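# Coordinate inspection notes
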Amino acid sequence: MTQQPATMTPLSKEMQDCVQACMACHSVCEETMSSCLQMGGPAQMQIMRAVMDCAEMTRMCADMMMRRSPLSAEMCAMCAKACDMCAEACMSMPDDDQMMRCAEACRRCAEMCRSMSAATM
């Protein structure tokens, strides 16, 4: 059995930034879920599905990048798609400040994840 090195090379600056964007997006999505639950109604339930998917994808994507999973690039591509869908859903309520914060975090995360999905990790 070969010995693995005790430390891994640090994440690139781009990957660190993407992980941070994913975690920030995850946090805002969690806050937005709470807001949707308080509002109630069928429209919020539709938005809630997109927000829940995005929250899960961003957390998983950040986890996979941090552990240097060989599936990170593919996960980043899927995460970007989930973030785009969430941003679009949140934009259906342009007068709600929480929804606009969520849409903004999702757009930033989607952009960074698209960039990472094209990069060699």
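Residues numbered from 1 in each chain as written. Predicted model: local features only at pLDDT ≥ 70, side-chain atom pairs only at ≥ 80, totals over all residues. Heavy atoms only, no water.

Under an unreviewed UniProt entry, the name given to the protein chain is Four-helix bundle copper-binding protein, and the organism recorded is Streptomyces koelreuteriae.

## A few points about the overall build of the protein chain
When helices and strands are counted, the protein chain shows 4 helices and 0 strands. When the helices and strands of the protein chain are listed from N to C terminus, the series reads α-α-α-α. Seen through its principal axes, the protein chain has C-alpha atoms that stretch 55 × 25 × 20 Å. Taken over 121 residues, the protein chain has a buried fraction of 43%. Intrachain contacts of the protein chain at a sequence separation of at least 6 include 70% that bridge at least 24 residues. When the accessible surface of the protein chain is totalled, it reaches about 7,300 Å², and 57% of it is carbon and sulfur. Between the mean site of the 10 positive side-chain charges and the mean site of the 15 negative ones, the protein chain shows a separation of 5 Å. (Helix = DSSP H or I, 4+ residues; strand = E, 2+ residues; numbered from the N terminus. Buried < 20%, exposed > 50% of the residue type's maximum accessible area, 1.4 Å probe, protein only. Contact = heavy atoms within 4.5 Å. Areas by Shrake-Rupley, 256 points an atom, 1.4 Å probe, with all protein chains shown as cover. Lys, Arg positive; Asp, Glu negative; His and termini not counted. Charge placed at Lys NZ, Arg CZ, Asp CG, Glu CD.)

## Some thoughts on the nonpolar core
Counting residues in each nonpolar core, the largest one holds 43 residues, and the members touching the most others are Cys22, Cys29, Cys106 and Cys113. Those elements that place two or more of their residues in this core are helix 1 (13–39), helix 2 (42–66), helix 3 (72–90) and helix 4 (97–118). Broken down by element, the residue count for this core peaks at 11 residues, all from helix 2. Once residues within four sequence positions are removed from consideration, Cys29 is found in contact with Val51, Cys54, Ala55, Cys86, Cys102 and Cys106. (Core = buried A, V, L, I, M, F, W, Y, C linked by side-chain atoms within 4.5 Å.)

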